[in-house]
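Residues per chain, in single letters:
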Amino acid sequence: MIELPTDLGTPPKVDPNALRIVALGGLGEVGRNMTVFETDGKLLIIDAGVLFPEEEQPGVDLILPDFSYLDGREKDVVGIALTHGHEDHIGAVPYLLRKLGRDVPILGSTLTLALVEPKLKEHRVRAKTKVVSEGDREKLGPFDLEFIAVNHSIPDALAIFLRTDAGTILHTGDFKMDQLPLDGRITDLRSFARVGEEGVDLFLTDSTNAEVPGFTAHERNIGRVLEQQFSHASRRVIVASFASHVHRVQQVLEAAVAHGRKVAFVGRSMVRNMKIAQELGYLQAPAGSIIDIKQVEDLPEDQVVLMCTGSQGEPMAALSRMANGTHQIDLTEGDTVILASSLIPGNENSVSRVINGLMRLGATVIHKGNAAVHVSGHASAGELLYAYNIVGPKGVMPVHGEWRHMLANAKLAMETGVPKEKVVVADDGWVVDLKDGQASIVGAVPCEYVFVDGKSVGYVTEDDLRDRRVLAGEGFVSIFMTIDVKNREIVAGPEIHTRGVAEHDRVFDTIKPKITKAVEEALDDGVKNQHRLQQIIRRTIGRWLSTKLRRGPMIVPMVVLVGDED
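Below is a summary of the structure that appears in this document. The structure displayed is predicted, hence computed values, not measured ones.

Conventions adopted
- Residues numbered from 1 in each chain as written.
- Predicted model: local features only at pLDDT ≥ 70, side-chain atom pairs only at ≥ 80, totals over all residues.
- Heavy atoms only, no water.
- Salt bridge = Lys/Arg side-chain N within 4 Å of Asp/Glu carboxyl O.
- Helix = DSSP H or I, 4+ residues; strand = E, 2+ residues; numbered from the N terminus.
- Buried < 20%, exposed > 50% of the residue type's maximum accessible area, 1.4 Å probe, protein only.
- Pairing = 2+ DSSP bridges.
- Axes fitted to C-alpha atoms, helices over the stretch in contact; angles between N-to-C directions.
- Contact = heavy atoms within 4.5 Å.
- Expected span 1.5 Å × (residues − 1).

1. Comments concerning the pattern of salt bridges
Here comes step 1: Inspection of the entire model under this criterion finds 22 salt bridges.
Here comes step 2: Among the ionic pairs, Glu-146 bridges to Arg-194, the shortest N-O distance being 2.5 Å. On the criterion of sequence distance, the pair formed by Glu-146 in strand 9 (residues 143-149) and Arg-194 in helix 4 (residues 189-198) is long-range, its members being 48 residues apart.
Here comes step 3: You can call Glu-146 buried: its relative accessible area is 4%.
Here comes step 4: The salt bridge partner of Arg-248 is Glu-219, with a shortest N-O separation of 2.9 Å. Here Arg-248 is found in helix 6 (residues 246-258), whereas its partner Glu-219 is found in the loop between strand 12 (202-206) and helix 5 (221-232), with 29 residues between them in sequence. Per residue, the accessibility class of Arg-248 equals that of Glu-219, and both read buried.
Here comes step 5: Overlapping salt bridges, with partners in common, bring together Glu-146, Arg-163, Arg-194 and Glu-198 in one network.

This is the structure in structure tokens:
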């Protein structure tokens, strides 16, 4: 069993002979991947992704890594390297560049940077981007980066081998070992072995599927399943997937063409990403196979395929709006909906609601639970074992996954012979120093969720979200009173109004005399402070709501003071 520290203090200054590693996201969670590497006074950042909010974070659009670790160090950042183009690895790049306040080199593959550039344009952020490919080496300050091809659920994914005077690191990014990939681009195990021979002091490995035994199935298996589902469909087919899953869209296109159907992309991100993929040659579409959404109504329903977003039950995504009847596409009985993606932990309830909504409309819903319509983009336990044996790392630090995934990954590493003391399992914000080939946890830095709420970044707090949850679940009660503090008497009120509370306002008539009595007693005791009077009102009605109605709505007392002696 891995021994975890219980009390982490402020880390010491970086040892001149050490390489410091600080994950600001992606450890203990699935999403917002971002890791900062430091040596010789310079910082290198690998990935800058976002996390999508869950139900208990109402109103939040995105969750960013905590950039506060970079405060005062912006000029020390020598570059940003991106492993691939998924949102949980690139979505925070514009926000990070704003934080840095200057042009910083961004290195990534052709498709990755093509997906980043619209984000930069949307945020009006300028950047120095440089395309890299497998086999390329780039020098950024004291960091020597070599890029290695890996297979994932998006084309052009890269692992990064990091050489520094303080040690070497192989960072897989997200990867798997599909031996029959659609684009023929396999994980470059030869390079894994080569850098292993050179010496990998610390192996940062994708943990997402570490609990899954065996090997991840081939992506091309999905094509046969889609063909089968298309052959059974008598009307429209709607396929929901991640907007960046080019390989999945490719197979949908091929199945559609095989059955005489045309494909229309639905959802802003899906339309944008697939246009980019097609222009760059990553998506191969026969002439006339892709149509605009406006042309769908001109075709018979058995010749239509809609490729849309919303496979995770996102409330504003196309599929969710179809399910609740607020989208331009009206689903009817006989339509077939295929959810061709995995289920991200935490989205179970949202996806279930969407499925129920679709089925209530009469659609046939195909998902991972009743058909093999998805394979993962992450290496399962068998592939991770292969990776450890091929690389032969001196030390291992599992990344990209929840705690159960990282601990399972650590166990796999030890089973292949990596000594227990050479395996480090860390959380977001924990500081790991690599020195003389040994990685150890030396402290922790603040690493909170940073919420994006509309145009607001970082201003929404946990207290704000708690208030929103109360409003959503319990409702709102306001109490208005006007008080003459000079004459110590109530001029008007209490008036009570409610929103989102099932009980009628008349129910509150029984508490009004108690509020009046409590305020009068406070005035007799010489209380004139507006805040104290509001607190007395809040406590009085709060106790009554809890004991009599068993409710805990948000209580907002509003007290107007008149006749102030001052």
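2. Details of the sheet that holds strand 12
Here comes step 1: Reading across from one edge, 8-9-10-11-12-19 is the order of the 6 strands in this open sheet, with mixed pairing throughout. The sheet is open, and its two borders are formed by strand 8 (137-140) and strand 19 (396-399), each paired with just one other strand. Between one strand and the next, the sheet's axes are offset by a mean angle of 20°, whatever the strand orientation.
Here comes step 2: In this structure, strand 11 (residues 167-171) lies alongside strand 12, joined through 3 bridges in parallel fashion. Paired with Leu-170 across the strands is Phe-203, a residue of strand 12.
Here comes step 3: Its contacts with the sheet place helix 11 (residues 403-415) against strand 12 and strand 19, and it is angled at close to 150° to strand 19.

3. Side note on helix 6
Here comes step 1: Between the first and last C-alpha of helix 6 there are 18 Å, a value that for 13 residues agrees with the 18 Å anticipated at 1.5 Å per step.
Here comes step 2: By the criterion of burial, helix 6 is predominantly enclosed, with 10 of the 13 residues buried.
Here comes step 3: Those residues of helix 6 lying buried are Val-246, His-247, Arg-248, Val-249, Gln-250, Gln-251, Val-252, Leu-253, Ala-255 and Ala-256.
Here comes step 4: Directly after helix 6, the chain includes Gly-260, whose backbone phi takes a positive value near 65°.

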